[in-house]
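Notes for the structure review
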Amino acid sequence: MSIFVLADPHLSFGSAKPMDVFSGWADHAARMEQAWRAAVRPEDTVVLPGDISWAMSLDQALPDFQWLNRLPGVKLIMKGNHDYWWNTRKKIETFWAAHDLSTLRLLHNSALLAEGVALCGSRGWFFDDEAGDVQKVLLREAGRLRASIRAGKCLSRDLIVFLHYPPIAGGRVCDEIYRVLREEGVSRCYYGHLHGEGCRWAFQGRRDGIDFRLISADSLGFAPLRIPTDGCALREPPRWSAVVPFYQAAGTLRACADSVLAQTEPRWELILVDDGSTDAGAALADELAAGDARIRVLHQKNRGVSAARNAGLAAARGEYVSFLDADDWLEPAAAAELLRAAADGGGSDVVTAALFCRNPDGSEARRDLGVAPGQNPSARTLGHEDILALLPEMHETLFFHFPARCCYRRSFLLEQNILFTPALRYGEDTVFCLEACLRAERVRTCPAAYYHYCPSPGSASQAILSRPDYVPQVFAQDEAKRALADRFLPETDRMAVHAGISQYNLRFFLPLLRNAALVHPPQEATRAQRAILRSPFVCRALREARLSPALSLAHLDRWIFLLTKWRLPAAALWLWRRMDRWNGRHTR
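Keep in mind that what you see is a predicted model, and the values were worked out from it rather than measured. Residue numbers restart at each chain and count upward from 1, following the sequence in its written direction. Where totals are concerned, whole chains, interfaces and linings use all residues; where local detail is concerned, this predicted model gives features only for residues with pLDDT of at least 70, and gives and counts side-chain atom pairs only at 80 or more. Hydrogen atoms and water are omitted, and side-chain values are computed over all heavy atoms in the structure.

Assigned secondary structure in the protein chain consists of 19 helices and 23 strands. Buried residues in the protein chain amount to 54% of all 588 residues. Pairs at least 24 residues apart make up 75% of the contacts formed inside the protein chain by residues separated by at least 6 positions. Only the protein chains shown count as cover for residues, with accessible areas throughout obtained via the Shrake-Rupley method and a probe of 1.4 Å. Only carbon and sulfur atoms are counted for the fraction: they give 52% of the accessible area of the protein chain, which is about 24900 Å². Helix and strand labels come from DSSP, where a helix needs a run of H or I of at least four residues and a strand needs a run of E of at least two; each type is numbered from the N terminus. Buried means the residue's accessible area, taken with a 1.4 Å probe over protein chains only, is under 20% of the maximum for its type, while exposed means over 50%, and partly exposed covers the values in between. Note on definitions: a residue-residue contact is assigned when non-hydrogen atoms from the two residues lie within 4.5 Å.

Here it is, written out as structure tokens:
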């Protein structure tokens, strides 16, 4: 079976619109039929990207449809700018069924599978005037094209896009349509619309990793063009996608991107998601993408890191995907070793590895994976029951933290609808990793470290220790963790997990109390501390947590912990202030 394409047949068997008035179009229907029957077999597929018929209605177009139906192959009909007969999908398909036009199919803002390749298409648009409704139509067509491509990605990793209008012509680019092609990682695009002398304005060739080809009927000599679908003809899809959201990261983005370019795994792609940056980062990302077809850039309004990661995941095409932070970097063997570990685990849904953490003095410390406190296991595959057994110690190990050190099977994330939660400003990555591991059928441990985590001074994880207004965010993460634990654990096992979550949260709450004691004047310190202590989330954490060496508290911290736990906040606040004075930190 083969796939062919031929745009703009401009049939007129049912209307008075002869094409032989145009140079080179004499007897074009007969010539087209002869070439068609010589090349196309009944089991083949022929894509017709628009300008099918000059008819003004479905009834008037019937002779043209019947002519096409008699030709060999399945025909995928698309809309062009001269298809005035076009109607709603339901009416067209009902009309075809009523007249037994069994070889005709619609390809309209949708996707169909042929030869293992997803065929996507929309009319597209090309305009000379951005004013008024024209711009509105353009944006609508760009949205339809994106929807078609994303539908195609659900069918196959290999896809081809067909447009009626050219995305590039006469040295001009239809930016909105072209942006969709780039952002969605399209590798081949066929288009029509241009005829006669206009064909010389067509762009044909490779640009930004996309192969463009004009396929209007007269440009092809009225012979359907066979599209190669063997593996060597199609650009191999990436095995691994790296998604890097960034905001105001001009100083670190290049180093992060360079670490992806240096990967020993040859089949990768890098998706840079600009979350509304106003510094030089956005321009730098575009510069990087212009120099390498494997790099794509998504630009969006500032919506937060979770929305940016989700956008990158939606655009990714790799079998596995990793989420990097723009101020971090990878060892060159990272992708290859993580993919190898996934294969060793029988196609694991998640591969989790150790990492390096940068200290405030610039040095680095290795953080072992740990499936139990203090352990760094050998490579092994964990099943669902193994993961559940780790939940009570989820905060004593690295297992559910730092998802950037992991890679995830992309189809698994999409099938399970596992996304980052935009409402979480803190801990959204941990919740994501926790849910992925709990839903995974197999998780592969990789004890080596490939990821270098370089925390930024202005990050949420750093601000949480000094800003009382972050307390609700800590406990929003708390609620998400509890909900996941409750969903997967029997009721008898939930209490230990809840206590562990509360114990972990106190590590943030106690430093916040200490920092609040440094606020001037003392009355403000008292109000800030009382607000923290009266929070229902803090009360729950104090009630559920246990005083243990794991809290790593100094002697006085233990007394403050007990006083607050015993609902004696006034005594705790007094002790905080006395401790500050003893340490010489509280000055008037």
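Let us look at the environment of L489. Position of L489 relative to the elements: it lies in the loop between α14 (471-488) and α15 (491-516). The exposure class of L489 is buried, given its relative accessible area of 8%. Sequence-distant contacts of L489, that is, excluding residues within four places in its chain, are made with L388, L391, R494 and V497.

With that settled, the discussion passes to unusual backbone geometry. One non-glycine residue with positive phi stands out, namely D208, at about 55 degrees. Of note, D208 is situated in the loop between β11 (205-207) and β12 (210-214). Taking the relative accessible area as the measure of exposure, D208 reaches 28% and is therefore partly exposed. Even without being a glycine, F402 presents a positive backbone phi close to 55 degrees. Following the sequence through the fold, F402 ends up in the loop between α10 (384-390) and β22 (407-409).

Basic side-chain nitrogens of Lys or Arg form a salt bridge, by our definition, when they fall within 4 Å of a carboxyl oxygen of Asp or Glu. Scanning the model with the defined rule gives 24 salt bridges in all. As a salt-bridge pair, E184 and R146 come within 2.8 Å of each other at their nearest N and O atoms. Taken together, the residues E184 in the loop between α5 (175-183) and β10 (188-191) and R146 in helix α4 (residues 132-153) connect sequence positions 38 residues apart. The closest approach of N and O atoms between E287 and R254, which form a salt bridge, is 3.2 Å. Taken together, the residues span a long stretch of sequence, with E287 in helix α7 (residues 281-290) and R254 in helix α6 (residues 253-261) at a distance of 33 residues. Owing to a relative accessible area of 35%, R254 belongs among the partly exposed residues under this scheme.

The next thing to look at is the side chain of H108. The topology assignment puts H108 in the loop between β4 (104-106) and β5 (110-114). Separated by 3.1 Å, the side chains of H108 and N109 make a polar contact. Within 3.5 Å is the distance limit for a polar contact, defined as a pair of N or O atoms, with the added protein rule that one can donate a hydrogen and the other accept it, and that residues adjacent in sequence qualify only through two side-chain atoms.

A separate point is the state of the cysteines. Disulfides are defined as pairs of cysteine sulfur atoms found within 2.5 Å of each other. The tally for this structure, following the rule as stated, stands at 0 disulfides. Of the cysteine sulfurs around C407, a residue in no disulfide, the closest is that of C406, at 7.8 Å. The thiol of C454 is not disulfide-bonded; the next cysteine sulfur, from C357, is found 8.9 Å away.

Ranked by internal contacts, the top residues of the largest apolar core, which has 49 residues, are L68, W85, L119 and F162. When residues of this core are assigned to their parent elements, the largest contribution, 6 residues, is made by helix α2 (residues 58-70). In this structure, I271, L313, I418 and V431 belong to the second largest nonpolar core, which totals 42 residues. We define a nonpolar core as any set of buried Ala, Val, Leu, Ile, Met, Phe, Trp, Tyr and Cys residues linked to one another through side-chain atoms lying within 4.5 Å.

So, about the pairing of β10. The alternating pattern of β10 places R188 and Y190 and C189 and Y191 on opposite faces, both of which are buried. If DSSP finds at least two bridges between two strands, the strands pair. Here β10 runs beside β12; their pairing, made up of 4 bridges, is parallel. Following the sheet pairing, R188 is matched in β12 by D211.

The next thing to look at is the pairing of strand β17 (residues 320-323). Here β17 shows no split at all, with Y320 and S322 on one side and V321 and F323 on the other all buried. Of the pairings in the sheet, the one linking strand β14 (residues 240-246) to β17 comprises 4 bridges and is parallel in character. In the strand pairing of β17, S241 is matched with V321.

In space, the 6 strands of this open sheet follow the order β5-β6-β7-β10-β12-β11, with mixed pairing throughout. Looking at strand neighbours, the two that pair on one side only are β5 and β11, the edges of this open sheet. Pairwise comparison of adjacent strand axes, ignoring direction, gives a mean angle of 25 degrees for this sheet. Where strand β7 (residues 159-163) lies against β10, 3 bridges are found, and the strand directions are parallel. Fitted lines through C-alpha atoms give the axes, limited to the stretch in contact for helices. The angle between two N-to-C directions lies from 0 to 180 degrees.

As a further point, take the sheet that holds strand β13 (residues 225-227). As summarised here, the arrangement of the 5 strands in space is β4-β3-β2-β1-β13, forming an open sheet in which the pairing is mixed. Edge strands, defined here as strands with exactly one partner in the open sheet, are β4 and β13. Strand-to-strand twist across the sheet, computed as the mean angle between neighbouring axes with direction ignored, equals 30 degrees. Looking at chain direction, strand β1 (residues 3-5) and strand β2 (residues 45-48) are connected through 3 bridges and run parallel.

If you check which residues of α7 are buried, you get G281, A282, L284, A285, L288 and A289. Down the axis of α7, the sector holding all buried residues measures 160 degrees, keeping them to one side. Opposite the packed face of α7, turned more than 90 degrees from it, sit the exposed residues A283 and A290. Contacts made by the buried residues of α7 are with α5, β14, α6, β15 (268-275) and β16 (295-300). Here, the arc refers to the directions that run from the helix axis to the C-beta atoms.

The predictor attaches a confidence to each residue, and that confidence, scored 0 to 100, is pLDDT. Mean pLDDT over the protein chain: 81, with 81% of residues reaching 70 or higher. Counting interchain partners and residues more than four positions distant, the pLDDT-below-50 stretch residues 231-235 has 13 contacts. Segment residues 579-588 is flagged for pLDDT under 50; beyond a separation of four residues in sequence, or across chains, it makes 21 contacts in the model.

Here we come to the packing of α2 against helix α3 (residues 89-98). The contact between α2 and α3 brings their axes to 11 Å, and the two run at 55 degrees. It follows that α2 is oblique to α3 by the angle criterion. Crossing of α2 over α3 shows right-handed handedness. The residues of α3 that touch α2, namely those facing L58, D59, L62 and F65, are K91, I92, F95 and W96. Basically, the charged four are Asp, Glu, Lys and Arg, the nonpolar ten are Ala, Val, Leu, Ile, Met, Phe, Trp, Tyr, Cys and Pro, and anything else, Gly included, counts as polar. Looking at the contact of α2 with α3 residue by residue, the class counts come to 6 nonpolar, no polar and 2 charged. For classification purposes, angles smaller than 35 degrees are called roughly parallel, those larger than 145 roughly antiparallel, those between 65 and 115 roughly perpendicular, and all remaining angles oblique. Here a crossing is taken to be left-handed if its near helix is turned anticlockwise relative to the far helix by less than a right angle, and right-handed if that turn runs clockwise.

It is worth spelling out helix α12 (residues 428-439) at this point. Here α12 contains 12 residues, and its C-alpha end-to-end distance of 17 Å stays within 8% of the 16 Å for a straight helix at 1.5 Å per residue. Here α12 lies mainly inside the structure; 10 of its 12 residues are buried. Regarding α12, the residues found buried are E428, T430, V431, F432, C433, L434, E435, A436, C437 and L438. The span you would expect from a helix comes to 1.5 Å times its residue count less one.

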